[in-house]
Amino acid sequence: MIRILVTNDDGYRSDGLKVLADALRHLGEVTIVAPIEEASAIGHALTLRHPLRLEAIADRVYAVDGTPTDCVNMAVTQVLKGLPDLVVSGINKGWNLGDDVTYSGTVAGALEGALLGAPAIAVSLKATREAYDFGPSARAAATLAEAILRRPLPARTFLNINVPKGGPKGIRVTVQAKRNHVTSVAERHDPKGRPYYWIEEGLNEWEPDERSDYHAVKAGYVSVTPLQPDLTSYEALAALEELSFGREAEVR
Ligand code: MN
């Protein structure tokens, strides 16, 4: 029996999680372990300084008062008592494209699955003020889940899927887009005149790149980017070795 773990960062009550779980049930036994409250933009955070509670919500549905990364660890050790055959995180309300993946709790759920040794997928769709249609995202996730269960990806690799609004034209294999990061923090004042601050979401200026996830979703395609936890810049290795006169140097 194929065991599939479904998590997210929007919380266990999120519709996107439920639609995703339903779409994966024909592939195996689905267990949901998800945060009890929304944990968006929490990245790969791991809770080490307070205890975690695991709450059984319904049959094969559990909530953890922690992060998506916590949820995957709790699922593997306490619920499934072993690695699942697949971890799927989402469906997130809002894209996780390009450089933004490092902020994403959704992507971190899949990343943690990959680090523990399971094939993993993160799924996100375009944010909207209207009612969400999770159908196309769920179908895209199921399509790719089936594909990687049949032909596994290299170890420590996982997929980041982003889905455009409406019916997608198809699926494109992509690379991460690069965004021009401009920081914006607004200062306001409370009734006592003391300042407080809001970090504002960055301006969406993306570098043009035909291969990128951003370009694909803008053109109406589902983007699927293979990611890996290794952040080493292999391009920079030689330059750094030149600076430090080889692979080892003395501290002066
Ligand atoms: Mn989220």
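This text follows the structure it describes.
First, a word on what this report is: a plain description of the structure on this page.

The rules we used
- Along each chain, residues carry numbers from 1 onward, in the same order as the chain's sequence is written.
- This being a predicted model, a pLDDT of at least 70 is required before a residue's local features are given, and a value of 80 or more before pairs of side-chain atoms are given or counted; all residues contribute to the totals for chains, interfaces and linings.
- To get the side-chain values, all heavy atoms of the structure are used, and hydrogens and water are removed first.
- Counted as donors are the N, O and S atoms within 2.8 Å of the metal, or 3.2 Å for Na, K and Ca, while water is not among the atoms, so some sites may look incomplete.
- Buried residues are those whose accessible area, probed at 1.4 Å on protein chains only, stays under 20% of the maximum for their type, while exposed residues exceed 50% and partly exposed ones sit between those limits.
- Stacked, tilted and edge-to-face pairs are distinguished by plane angle, under 30 degrees for stacked and over 60 for edge-to-face with tilted covering the rest, among Phe, Tyr and Trp rings (Trp via its six-membered ring) whose centres lie within 6.5 Å.
- Note on criteria: charge over ring means Lys NZ or Arg CZ within 6 Å of the ring centre, with the direction from the centre no more than 35 degrees off the ring normal.
- In this description a helix means any DSSP run of H or I spanning at least four residues, a strand means any run of E spanning at least two, and both kinds are numbered starting from the N terminus.
- Between the first and last residue of a helix there are one fewer steps than residues, each counted as 1.5 Å, and that sum is the expected span.
- Any two residues whose heavy atoms approach within 4.5 Å are treated as being in contact.

### Details of the coordination of the manganese ion
Ideal geometry at a metal centre gives angles of 109.5 degrees when four donors are arranged tetrahedrally and 90 or 180 degrees when six donors are arranged octahedrally.
So, step 1. For the manganese ion, every protein donor is listed as Asp-9 (OD), Asp-10 (OD), Ser-40 (OG) and Asn-92 (OD1), and the spread of their distances is 2.1 to 2.2 Å.
So, step 2. Along the chain, the residues donating to the manganese ion are arranged with the sequence spacing D-D-x29-S-x51-N.
So, step 3. Looking at Asp-10, the relative accessible area reads 15%, which means it is buried.

### Notes on the packing of aromatic side chains
So, step 1. Counted under the stated rule, the structure contains 2 aromatic pairs.
So, step 2. Taking 5.4 Å as the distance between ring centres and 10° as the angle between the ring planes, the aromatic pair formed by Tyr-132 and Phe-134 counts as stacked.
So, step 3. Taking the relative accessible area as the measure of exposure, Phe-134 reaches 5% and is therefore buried.
So, step 4. Positioned over the ring face of Tyr-221 is Arg-172, at 3.9 Å from the centre of the ring.

### Focus: helix α4 (residues 135–150)
So, step 1. In this model, α4 (16 residues) spans 23 Å end to end at C-alpha, consistent with the 22 Å of a helix rising 1.5 Å per residue.
So, step 2. The complete set of buried residues in α4 reads Gly-135, Pro-136, Ser-137, Ala-138, Ala-140, Ala-141, Ala-142, Leu-144, Ala-145 and Ile-148.
So, step 3. Check the buried side of α4 and you find it contacts α1 (15–24), β5 (86–93), β6 (120–125), β7 (158–163), β8 (171–173) and β11 (222–227).

### What about the environment of Gly-166?
So, step 1. Tracing the sequence through the fold places Gly-166 in the loop between β7 and β8.
So, step 2. Separated by 33 residues in the primary sequence, Gly-166 and Asp-133 have C-alpha atoms spaced 7.9 Å apart.

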